[in-house]
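Remarks on the overall topology
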Amino acid sequence: LNGAARGLVFRLTEALGSMPRKGAEDQVAALDRQDRRALRILGIRLGRESIYMPALVKPAAVEMRALLWSASRGRDTAVSPPGRVSVPVARDAPVEFYEAVGYRPLGPLAVRVDIVERLAARAWRLSEDGPFAAGPEFLTLAGCGATEMDAILRGLGYRPVGGDGQSLYGRQSSRSRRPRTGPSRRPPSDGPFAKLRDLSVGR
């Protein structure tokens, strides 16, 4: 790996296998087709909401991640049970703990990042045709009730809109454009990743 791809893997390693995509968009934009293919081969997913390794959100991996994070912080914190797709957010557990073990806090629940991706993809597809209802498939997927799902969808950038006695959700204006998922434009020639690329070429 070179340049932005190497930097992205370094950050993912520090994050124990998953991290929010927001905050890493510059690195993602700097990836070319070869970089993306290499990351896929390594088992890394560039999702709509997260960058993560599916192998590291399985129960045994989540349990180990919790142990590593707790040991590094001198705390005794665990996800219980680690096999659930969503867990209540504990008042005494910091947000960074859930991110470190592969869960995304969204309202009263922390949802496993791979499930967050599936919810985000489903919501986006439905919203293409206008406001949509968060039906049973949403609740089953996240393992939660309607109140918790409302908080999850709000966290993903959707808001309730008027309906005929039914809760419907629409996109926020800030999400009116779909994030890039394919090869993106090259970063500015004076940007940090361009300078890193120049250094690599210079070798």
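Residues numbered from 1 in each chain as written. Predicted model: local features only at pLDDT ≥ 70, side-chain atom pairs only at ≥ 80, totals over all residues. Heavy atoms only, no water.

All right, on to the side chain of Asp-150 then. Its location among the elements puts Asp-150 in helix α8 (residues 146–155). A polar side-chain atom of Asp-150 sits 2.8 Å from a polar atom in the side chain of Arg-154. If near-sequence neighbours (up to four positions away) are discounted, Asp-150 is found in contact with Pro-160 and Tyr-169. (Helix = DSSP H or I, 4+ residues; strand = E, 2+ residues; numbered from the N terminus. Polar contact = N/O pair within 3.5 Å; in protein donor to acceptor, adjacent residues only side chain to side chain. Contact = heavy atoms within 4.5 Å.)

Before going further, it helps to examine the pairing of strand β6 (residues 109–112). Here β6 shows a buried face lined by Leu-109 and Val-111 and a second buried face lined by Ala-110 and Arg-112. Sheet analysis places strand β4 (residues 86–88) next to β6, joined by three bridges and oriented antiparallel. Within β6, the residue paired with Ser-86 across the bridge is Val-111. Two elements, strand β5 (residues 103–106) and β6, share four bridges in a ladder whose sense is antiparallel. (Buried < 20%, exposed > 50% of the residue type's maximum accessible area, 1.4 Å probe, protein only. Pairing = 2+ DSSP bridges.)

The next thing to look at is the confidence of the model for the protein chain. Scored by pLDDT, the protein chain has a mean of 85; 83% of the residues are at 70 or more. Within the protein chain, no element has a lower average pLDDT than helix α9 (residues 192–202), which sits at 47, and none a higher one than strand β3 (residues 50–52), at 97. Here residues 175–189 is a poorly scored stretch, pLDDT under 50, and it has 22 contacts once near neighbours within four places are set aside; other chains count. A low-confidence stretch, residues 199–203 (pLDDT under 50), is modelled with zero contacts involving residues beyond four sequence positions or located in other chains. (pLDDT = per-residue confidence, 0-100.)

Below, the discussion takes up the sheet that holds strand β7 (residues 132–133). Taken in spatial order, the three strands line up as β7-β9-β8 in an open sheet, and their pairing is antiparallel. The strands lining the two open edges of the sheet, one partner per strand, are β7 and β8 (158–161). Pairing analysis gives two bridges linking β7 to strand β9 (residues 168–171), with the strands arranged antiparallel. The residue of β9 that forms the bridge with Ala-133 is Leu-168.

This part takes up the environment of Tyr-158. Considering the arrangement of structural elements, one finds Tyr-158 in strand β8. Here Tyr-158 falls in the buried class, since its relative accessible area comes to 2%. A sequence separation of 31 residues divides Tyr-158 from Ser-127, and the C-alpha atoms of the two residues are 9.3 Å apart. Ignoring anything within four residues of it in the chain, the contact list for Tyr-158 reads Ala-120, Ala-123, Trp-124, Ser-127, Phe-132, Leu-153, Tyr-169, Gly-170, Arg-171 and Gln-172. At 3.4 Å, the side chain of Tyr-158 forms a polar contact with the backbone nitrogen of Trp-124.

Once that is clear, we can look at a nonpolar patch on the surface. A grouping of Met-64, Leu-67 and Leu-68 is seen on the molecular surface, where their side chains present a nonpolar patch of about 290 Å² in accessible area. Relative to the assigned elements, Met-64 resides in helix α4 (residues 59–73). (Patch = residues over 30% accessible without salt bridge, like charges linked within 9 Å, V, L, I, M, F, W, Y side chains within 5 Å. Areas by Shrake-Rupley, 256 points an atom, 1.4 Å probe, with all protein chains shown as cover. Salt bridge = Lys/Arg side-chain N within 4 Å of Asp/Glu carboxyl O.)

All right, on to the nonpolar core then. Leu-119, Met-149, Ile-152, Leu-153, Leu-156 and Tyr-158 are the most contacted members of the largest nonpolar core, which has 20 residues in total. Those elements giving two or more residues to this core turn out to be β6, α6 (113–127), α7 (136–142) and α8. Ranked by residue count, the leading element in this core is α6, at six residues. (Core = buried A, V, L, I, M, F, W, Y, C linked by side-chain atoms within 4.5 Å.)

With that settled, consider the pattern of salt bridges. For the structure shown, the criterion picks out seven salt bridges. For Glu-96, the salt bridge goes to Arg-73, with nearest N and O atoms at 3.3 Å. Taken together, the positions of Glu-96 in helix α5 (residues 95–100) and Arg-73 in helix α4 put the pair 23 residues apart, joining distant regions of the chain. Residue Arg-73 is classed as partly exposed on the basis of its relative accessible area, which comes to 44%. Asp-114 is the salt-bridge partner of Arg-112, the closest N and O atoms lying 2.8 Å from each other. According to the relative accessible area criterion, Arg-112 is buried, its value standing at 12%.

What follows is about unusual backbone geometry. Located in the positive-phi region is Leu-16, a residue other than glycine, with phi close to 70 degrees. Looking at Leu-16, the relative accessible area reads 25%, which means it is partly exposed.

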